[in-house]
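Topology and contacts: notes
If you want the building blocks of each chain, they are given just below.
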Amino acid sequence: MPFSSWFSRSSKNICRFLQNTSSFNQHYRNNATSFVPKLVDTSKNNQKLPPHLFAWTTCLAIAVSAGSLALDSQQQTNSSFCDSRSSSSDLVVKGSYKKAPQELIDELKAICQDKMTMDYEERYFHGKPQNSFHKAVNIPDVVVFPSSEEEVSKIVASCNEHKVAIVPYGGATSIEGHTLSPNGGVCIDMSSMKNVKALHVEDMDVVVEPGIGWMDLNEYLEPYGLFFPLDPGPGATIGGMCATRCSGSLAVRFAFFLNLLTFMDINVVLNFLEEYRYGTMRDNVISLKVVLANGDVVKTGSRARKSAAGYDLTRLMIGSEGTLGVITEVTLRLQKIPQHSVVAMCNFPTVKDAADVAIATMLSGIQVSRVELLDEVQLKAINLASGKFFPEVPTLMFEFIGTEAYSREQTVIVQNIVSQHNGSGFVFAEDPEAKKELWKTRKEALWALFALKPTYEAMIADVCVPLSRLAEVISRSKQEIDASPLECAVIAHAGDGNFHALMLFDPNDEEQCREAERLNNFMVHTALSLEGTCTGEHGVGTGKMKYLEKELGIEALRTMKRIKTALDPNNIMNPGKIIPPHVCF
């Protein structure tokens, strides 16, 4: 593959990240000498480390995140690892390098021809997440770029035979260490598989390969009056979106109540009765084709909109983060492009007031497709980065869809709700370009935040709670954030209870690293205490593993382990992600 891909994708400086337990720090102080040779040995295997990497190898030995390192190599044995620990938050996931044998390299060359690389720069790029502080000791031994399902099957089968780890690689937009290669092995870059295989306009579905981006897909669908409604970060691919079970700002539930009849024409109501929430990736994937660890290709379902035929393998694979198989084909549910939409913005004195309005709007039965909350820090960053002049106060953004009359009517209703909850500055836009610009501003919020601290990294909380608890979790988190010395911003998909706190920290400042981790822990545990989750849409990867036992319980994790072991007995499929290594049965 051309080396130009190195320059075409953004990457940030490598950072340190400290686990905030004394036992972890003491362990690496005592074992720094033994740990550094692993790094040096890795550099030997990978020709050489860049100068900026070599300089901080000693520091990295005592400053690695408990959630960002990788796992003990279970590919040497099928037995489970049962680490003793005081709690799951003390879990330290370690990496173990196994070099890909030359026999495997030769087999991959026969399969992929020139569609593979062992170039150090390309391997290093694929071994480091582009939007995340998570790091691993090792990088892939080889990166392959299959162009067909058959090639993927052969690649996986060969890796399984040699018991060498594989890591599927999509748009590299994930932020929880999903694409780390802690055991080395083979990175399967799916970017060459980006075709639309079939579009069924009358059925409102499409069959695509996993490497196509959601934005590219929507450009393809627009002439047909259709679109795929999920909208995660720019650059995300359909395969990666399936793997992480992502959502975005359009996951809001559509609500329809009888009281709509009091102010709507009955024909308008009937036109929308068949509508439903856009939902998450889980709700918008009809079926998949997946290559299992032994190379078998499994089709998880038909194109029928519903089926009661056997186990729901589609939902099993969605959110499995490449630990059960490699997705090679996706059949997606599509939606009609709304006839009309209105985008509105309004301001509030506190984030709690804004969250209260979001909840009141959802409970009112109004058909709102998006409700996004941004705090004053985020607005300040947006203004600085883009030259805008938004009021730097907590802000809500809405989108209403339907007919022109209906959208405007909903806008007026929400304006009244806003006025009853300390809101002000209510404005709205109907011009297509103005609406597009507003949502672009929201989508680029993370990059705007880096304008405040260009050399810093961002730790991003991704908690989600029942909608009725959203105001409480945001309010409690905001109090903690405001008392912190770190620059932090709050963004929420307020319509479905999901909010993000973006915490900027200097990766070279141990105190700031610990503070970012403390804030993240506080928000996760607060959400869990409110019957929420540690991750609403970003997935587990390596970063959220330590919270799963508290959220789900050990029996749920053991069940996951049994499934993983049954489908991937050699533990080659993206090892070290989702299931903590202490889980055994």
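Residues numbered from 1 in each chain as written. Predicted model: local features only at pLDDT ≥ 70, side-chain atom pairs only at ≥ 80, totals over all residues. Heavy atoms only, no water.

Observations concerning the nonpolar core
Operational definition: Among buried residues, those of type Ala, Val, Leu, Ile, Met, Phe, Trp, Tyr and Cys that are joined through side-chain atoms within 4.5 Å constitute a nonpolar core. Per-residue accessibility, obtained with a 1.4 Å probe over protein chains only, is compared with the maximum for each type, and a residue is labelled buried under 20%, exposed over 50%, and partly exposed between these values. Any two residues whose heavy atoms approach within 4.5 Å are treated as being in contact.
Leu 373, Leu 396, Phe 398, Ile 474 and Phe 499 are the most contacted members of the largest nonpolar core, which totals 58 residues. Phe 499 has contacts with Ala 461, Asp 462, Val 463, Val 473, Ile 474, Ser 477, Val 490, Ile 491, Ala 492 and Met 523, leaving out every residue within four places of it along the chain.

Re the packing of aromatic side chains
Our working definition: The aromatic pairing rule takes the rings of Phe, Tyr and Trp, using the six-membered ring of Trp, and pairs them if the centres are within 6.5 Å, calling planes under 30 degrees apart stacked, those over 60 edge-to-face and the rest tilted. Counting from the N terminus, the helices are DSSP H or I runs at least four residues long and the strands are E runs at least two residues long. The criterion for a charge sitting over a ring is simple: Lys NZ or Arg CZ within 6 Å of the ring centre, and within 35 degrees of the ring normal.
One pass over the structure, following the stated rule, counts five aromatic pairs. Here Phe 227 and Tyr 278 contribute two aromatic rings whose centre-to-centre distance is 5.8 Å and whose plane-to-plane angle is 90°, an arrangement assigned as edge-to-face. Of this pair, Phe 227 sits in strand E7 (residues 226–227) while Tyr 278 sits in the loop between helix H11 (266–272) and helix H12 (281–284), and the two are 51 residues apart along the sequence. Owing to a relative accessible area of 13%, Phe 227 belongs among the buried residues under this scheme. With relative accessibility at 3%, the residue Tyr 278 sits in the buried group. Of note, Arg 370 hangs over the ring of Trp 439, and the distance from its end group to the ring centre comes to 4.2 Å.

Brief notes about the pairing of strand E5 (residues 196–200)
Basically, it comes down to this: When DSSP locates at least two bridges between a pair of strands, those strands are taken to pair.
Looking at chain direction, E5 and strand E6 (residues 205–208) are connected through four bridges and run antiparallel. Note on E6: the bridge partner recorded for Val 196 is Val 208. Taken together, E5 and the strand that follows it, E6, pair antiparallel across an intervening segment of four residues, in which Met 204 is found at a positive phi of about 55°.

Examining unusual backbone geometry
Positive phi, close to 55°, is recorded for Gln 113, a residue that is not glycine. Considering the arrangement of structural elements, one finds Gln 113 in the loop between helix H6 (102–112) and strand E1 (116–117). Since its relative accessible area comes to 54%, Gln 113 is described here as exposed. The phi dihedral of Met 204 is positive, around 55°, even though this residue is not glycine. Summarising the element assignment, Met 204 is placed in the loop between E5 and E6. What makes Met 204 partly exposed here is its relative accessible area of 23%.

What to know about the sheet that holds strand E4 (residues 186–189)
Worth spelling out the cut-off: The axes used here are C-alpha line fits, helices contributing only the stretch in contact, and every angle between their N-to-C directions lies in the interval 0 to 180 degrees.
Across the sheet, which stays open at both edges, the four strands sit in the order E1-E2-E4-E3 with mixed pairing between neighbours. Looking at the sheet topology across the chains shown, the edges are occupied by E1 and strand E3 (166–169). Pairing geometry for E1 and strand E2 (residues 142–144), over two bridges, is antiparallel. Bridge pairing links Met 116 to Val 144 in E2. Taken strand by strand, helix H8 (residues 149–162) contacts E2, E3 and E4, and its axis lies near 170° from that of E4.

Looking at the sheet that holds strand E8 (residues 285–291)
A sheet is described by the order of its strands in space; here five strands give the open sequence E5-E6-E10-E8-E9, paired in antiparallel fashion. In the strand order of this sheet, the two ends are held by E5 and strand E9 (297–299), each with one partner. Averaged over all neighbouring strand pairs, the angle between strand axes comes to 15°, with direction disregarded. Bridge count for E8 against strand E10 (residues 326–333) is six bridges, and the pairing is antiparallel. Bridging across to E10, Ser 287 finds its partner in Thr 331. Running at roughly 50° to E8, H8 makes contact with E8, E9 and E10 of the sheet. Here helix H9 (residues 214–221) sits on the sheet in contact with E5, E6 and E10, set at roughly 45° to E5.

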